[in-house]
Amino acid sequence: MPQRDLADLRVAVVGASGALGSRIAHQLADQGARLLLVGRDEQRLRDAGPEAPVVVADLVDAGTGDLVAEAAREHLGGLDGVVNAAGVAAFGSLVDTPDEVIEEVFATNVIGPAFLLRRLLPLLQESQGFVVNLSAVLAERPMAGMGAYSASKAALTALDRALASELRRARVRVLDVRPPHTETGLVDRAIHGQPPRLPDGLAPDAVAARVVQAVAEDASDLGSDGFDG
């Protein structure tokens, strides 16, 4: 299997203040990667992430990708990869989920990443870099009571698979990551509803380590069966 050297790799981590994004950022930094941390709260980015330049912006804003590209050029001299670990969850039956909640779920989990990548792909094509999007096992196995969230993750996975084909000749690797339920606390921060009964989740550190390993292995897919536990 081909290997990607992580030392001095220039990587933007989006959602770097979150439970999973911050761990991925730290593990990349431990491997010698040079990072750009992206999120909505500057203090949380600095508290949770490793020492690195930050971009304070909202993923759903179409201009965020322009800010990240500009910062990558200024601080890193370019960009070799982007890891998107941002996302929101919502629970409940579709009929009981307000329109604005469905809209926010798709804006954050699908539309925002698409906006971001449209603006970062020129840099990634220059470096023959990589994209990592954190989807979820629900893209493979949707659950009742999680219809909007499942559909948004399935849409993100579909986007990744299309991009993988589009970017093959440019030698930009697209890694779609679909971990099982992970104990990130996301269910407790849902923007709507109460979660259904869920199995015990994986440890965020273990999931982050598996994601970083997949980046190093230059993988193009990491489904739920690629995680232990």
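The notes below deal with the structure included here. On a predicted model such as this, the values are computed, not experimentally measured, just so you know.

Rules used in this analysis
- Residues numbered from 1 in each chain as written.
- Predicted model: local features only at pLDDT ≥ 70, side-chain atom pairs only at ≥ 80, totals over all residues.
- Heavy atoms only, no water.
- Core = buried A, V, L, I, M, F, W, Y, C linked by side-chain atoms within 4.5 Å.
- Buried < 20%, exposed > 50% of the residue type's maximum accessible area, 1.4 Å probe, protein only.
- Helix = DSSP H or I, 4+ residues; strand = E, 2+ residues; numbered from the N terminus.
- Contact = heavy atoms within 4.5 Å.
- 1 Å grid on protein atoms, 1.4 Å probe; cavity = no way out; pocket = protein on both sides within 12 Å on 5 of 7 lines; lining within 4 Å.
- Points joined across faces, edges and corners; volume = space filled by probe spheres on them.
- Nonpolar A, V, L, I, M, F, W, Y, C, P; charged D, E, K, R; others polar.
- Salt bridge = Lys/Arg side-chain N within 4 Å of Asp/Glu carboxyl O.
- Pairing = 2+ DSSP bridges.
- Axes fitted to C-alpha atoms, helices over the stretch in contact; angles between N-to-C directions.
- Parallel < 35°, antiparallel > 145°, perpendicular 65-115°, else oblique.
- Left-handed = near helix turned anticlockwise from the far one by under 90°.

### As for the nonpolar core
Core analysis: the biggest nonpolar cluster contains 32 residues, and Ile24, Leu28, Leu35, Leu37 and Val132 have the highest contact counts within it. When contributions to this core are tallied by element, the ones reaching two or more residues are β1 (10-14), α1 (19-30), β2 (34-39), β5 (130-134), β6 (173-177) and α6 (204-216). When residues in this core are grouped by element, the largest group, seven residues, is from α6. The contact partners of Val132, leaving out residues within four places of it in the chain, are Val82, Val83, Asn84, Leu175, Val177, Val211 and Val215.

### So, the environment of Thr108
If you trace the backbone, Thr108 turns up in helix α4 (residues 99-127). Residue classification places Thr108 among the buried positions, given a relative accessible area of 11%. The residues contacting Thr108, other than those within four sequence positions of it, are Leu59, Val60, Gly87, Val88 and Pro113.

### As for empty space enclosed by the protein
Taken as a whole, this structure holds two cavities of 30 Å³ or more when the rule is applied. The calculated volume of the largest cavity comes to roughly 40 Å³. Here the residues of the lining of the largest cavity are counted per class, giving six nonpolar, four polar and no charged. Its boundaries defined by the atoms lining it, the second largest cavity holds a volume of some 30 Å³. Lining the second largest cavity, in full, are Arg4, Phe130, Val131, Val132, Arg173, Leu175, Ala214, Val215, Asp218 and Ala219. Of all elements in the fold, only β5, β6 and α6 reach the threshold of two or more residues within the lining of the second largest cavity. Broken down by element, the lining of the second largest cavity gets its largest block of residues, three residues, from β5. Here the residues of the lining of the second largest cavity are counted per class, giving seven nonpolar, no polar and three charged.

### Overview of the pattern of salt bridges
Summed over the entire model, instances satisfying the criterion amount to ten salt bridges. The shortest N-O distance in the salt bridge between Asp218 and Arg4 comes to 2.6 Å. Taken as a pair, Asp218 in the loop between α6 and β7 (221-222) and Arg4 in the segment before β1 lie far apart in primary sequence, 214 residues in all. Using a relative accessible area of 18% as the deciding quantity, one classes Asp218 as buried. The salt bridge involving Arg46 is made with Glu42; its shortest N-O contact spans 3.0 Å. Of this pair, Arg46 and Glu42 both sit in helix α2 (residues 42-48), separated by four residues, roughly a single helical turn.

### Some details on the sheet that holds strand β3 (residues 54-56)
Ordered by their spatial adjacency, seven strands build an open sheet running β3-β2-β1-β4-β5-β6-β7, and the pairing between neighbours is parallel. For this open sheet the edge positions go to β3 and β7, each flanked by a neighbour on one side alone. Bridging between strand β4 (residues 81-84) and β5 involves four bridges; their strand directions are parallel. Paired with Val82 across the two strands is Val131, which belongs to β5. Across the sheet, helix α5 (residues 147-166) touches β5, β6 and β7, and the angle it forms with β6 is around 160°.

### What to know about the layout of surface pockets
If you add up the space inside the second largest pocket, you get close to 290 Å³. If you trace the second largest pocket, you find it lined by Arg4, Gln128, Ala164, Leu167, Arg168, Arg171, Val172, Arg173, Val174, Asp218 and Ser220. Among the residues forming the lining of the second largest pocket, the class breakdown is four nonpolar, two polar and five charged.

### A word on the packing of helix α3 (residues 64-76) against α4
Contact pair α3 / α4: the axes reach a minimum separation of 7 Å and the direction vectors enclose 25°. Relative to α4, the element α3 is oriented roughly parallel. Between α3 and α4 the crossing geometry is right-handed. Touching Thr64, Gly65, Asp66, Val68, Ala69, Ala72 and Arg73 of α3 are Leu116, Arg119, Leu120 and Leu123, all from α4. Of the residues contributing to the contact of α3 with α4, the split by class is six nonpolar, two polar and three charged.

All we've got here are geometric facts, nothing functional implied.
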